[in-house]
Amino acid sequence: MTEISSVAVIGLGYIGLPTAAILAGSGLRVHGVDVNQRTVDAVNAGSVPFVEPDLDRFVQKAVAEGLLSASTQTPVADAYIVAVPTPFHADKSPDLSYIEAAGRNLAPQLRGGELVILESTSPPGATERLAEVIHEARPDLAEAGTLLFAHCPERVLPGKVMTELVTNDRIVGGSSKAAAEAAKGLYETFCRGEILLTNLRTAEMAKLVENSFRDVNIAFANELSMISRDLDIDVWELIELANHHPRVNILQPGPGVGGHCIAVDPWFIVDAAPSAARIIRSAREVNDSKPEWVIDQVKVKAFDVQQATGRAPVVAALGLAFKPNIDDLRESPALNIAVAMAEQFTGSTILAVEPHVDELPASLAGRDNVELVDPAAAIERADIVVLLVDHAAFADLKPLAVGKHVVDTRGQWREARVL
């Protein structure tokens, strides 16, 4: 293929837009593509439609220099990076419809020799499916065999994306050695980490394994929290003590597992090898069950309040995002718990607190018993305070000191045990 001077990034979400901005920052001409006109307009205005530290600075500079633009239409480019959602169906099987749509939309723009990279976290075989869709639309290019296909999964932490895009090692899988080398050359324009080459399916599986490893370990911590509750043990003290062993590193429990990666990716492995993926399936089931366990703890507090006051309690749900200090609500157990409380606690007012959003998400908006309030108002009004996300904005709140019932799923307000 010819030297890459222009790149089209398909999907301007939490991974696509940072990737587009950092590529433009390295001097390439980048055109972003998204189905959401509001996202396109925001990027063209040099603004960012979601919270990610430092991203706004990269986008503003790239747009001002004429190196980054966006539209809803796929352009002609030397390379294409597909960074679209990969959700799952109701039966937990992977939904590749966004990847297939991206392939069909970019196929008419191809001239031959382009590099097509799938960055979306995907089940084994997804990049081959993308190639198949493109070749079905362009049998002339299938016959010529000049297109290069690669898979390069993102490996970044929300809140640190702009740093980790540069510093983290990358895995690149190629449909051929030439494809892998071409993709490596593109990522070398900004990535200072080691770039490791392999085949397509191994690259796809590597990302799933990384996230499944995290999921299994979080499930162990979440299961410990439920066991500890039954045994009247402070789980955070327990984990802290156990972690003093030189070969033990237990993670922290929480209300479940969220985000588009850890809460989703293990199911891709289960779907690919259902009879063999027993531990991975069990971990997913433990983590998926944790929100209902949290709701049960709130119900106990609600019963106590109702017995004491004769009325349904006001419940504050602190945090809706899937992790601290971001606005990302994808697969968020905190949001799911807030929705479930709104549905099940019909006589109660639910005070939703999420300092990183300006309006209620669709699943809570329009409900008569839900209000979006600031942290101070929530603590003042609530009978029960449920800490679901350990945002920095909540660290100095002291609901116990003002006599509130508290369900702390993150241990952020845990007082030292007096022995």
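Up top is the structure these notes are about.
Note that the structure is predicted; figures quoted are calculated from it, not measured. (Residues numbered from 1 in each chain as written. Predicted model: local features only at pLDDT ≥ 70, side-chain atom pairs only at ≥ 80, totals over all residues. Heavy atoms only, no water.)

Visitor: How should the side chain of arginine 138 be read in this particular structure?
Guide: Its place among the elements puts arginine 138 in the loop between α5 (126-137) and α6 (139-144). Given the relative accessible area of 16%, arginine 138 is considered buried. Engagement of the side chain of arginine 138 in a polar contact is seen with the backbone oxygen of leucine 110, the distance being 2.7 Å. (Helix = DSSP H or I, 4+ residues; strand = E, 2+ residues; numbered from the N terminus. Buried < 20%, exposed > 50% of the residue type's maximum accessible area, 1.4 Å probe, protein only. Polar contact = N/O pair within 3.5 Å; in protein donor to acceptor, adjacent residues only side chain to side chain.)

Visitor: I tried to follow helix α4 (residues 97-106) on my own but got confused; where do I start?
Guide: Residues separated by three or four positions in an α-helix point in the same direction, a consequence of the helix having 3.6 residues per turn. Along α4, the residues classified as buried are Ile99, Glu100, Ala102, Gly103 and Leu106. Down the axis of α4, the smallest arc covering the buried residues is 160°, so these residues share one side. Buried-residue contacts for α4 involve β1 (6-10), β4 (79-82), β5 (115-118) and α5. (Arc of directions from axis to C-beta. Contact = heavy atoms within 4.5 Å.)

Visitor: I tried to follow the pairing of strand β10 (residues 349-353) on my own but got confused; where do I start?
Guide: Within a regular strand, side chains alternate between the sheet's two faces. By the criterion of burial, β10 is predominantly enclosed, with four of the five residues buried. As paired strands, strand β9 (residues 314-318) and β10 are joined by five bridges and run parallel to one another. Following the sheet pairing, alanine 317 is matched in β10 by alanine 352. Crossover handedness for the path β9 to helix α13 (residues 333-344) to β10: right-handed. Taken together, the three bridges between β10 and strand β11 (residues 370-372) define a ladder with parallel strand orientation. In the sheet register, isoleucine 350 faces β11, and the bridge partner there is valine 370. (Pairing = 2+ DSSP bridges. Right-handed = clockwise from strand over helix to strand, strands pointing away.)

Visitor: For this particular structure, what's the right way to read the packing of aromatic side chains?
Guide: Think of a pair of aromatic rings as described by two things: how far the centres are apart, and how the planes are tilted against each other in angle. What the rule picks out here adds up to two aromatic pairs. Ring centres of tyrosine 14 and phenylalanine 50 lie 4.4 Å apart, and the angle between their planes is 35°; this geometry places the pair in the tilted category. Separated by 36 residues along the polypeptide, tyrosine 14 in the loop between β1 and α1 (16-25) and phenylalanine 50 in the loop between α2 (37-44) and α3 (55-64) bring together distant segments of the chain. Relative accessible area serves as the criterion here: at 11%, phenylalanine 50 is assigned to the buried category. (Phe/Tyr/Trp six-rings, centres within 6.5 Å; stacked < 30°, edge-to-face > 60°.)

Visitor: What's the story with the sheet that holds β4 in this structure? I'm lost.
Guide: As a general point, the strands of a sheet are linked pairwise by backbone hydrogen bonds and lie either parallel or antiparallel. An order of β3-β2-β1-β4-β5-β6-β7-β8 is seen for the eight strands of this open sheet, with the pairing classed as mixed. Bordering the open sheet on either side are β3 (68-71) and β8 (195-199), each of which pairs with just one other strand. If you compare each strand with its neighbour and ignore which way they point, the axes differ by 25° on average. Of the strand pairs in this sheet, β1 and strand β2 (residues 29-33) are connected by five bridges, and their pairing is parallel. Note on β2: the bridge partner recorded for isoleucine 10 is valine 33. (Axes fitted to C-alpha atoms, helices over the stretch in contact; angles between N-to-C directions.)

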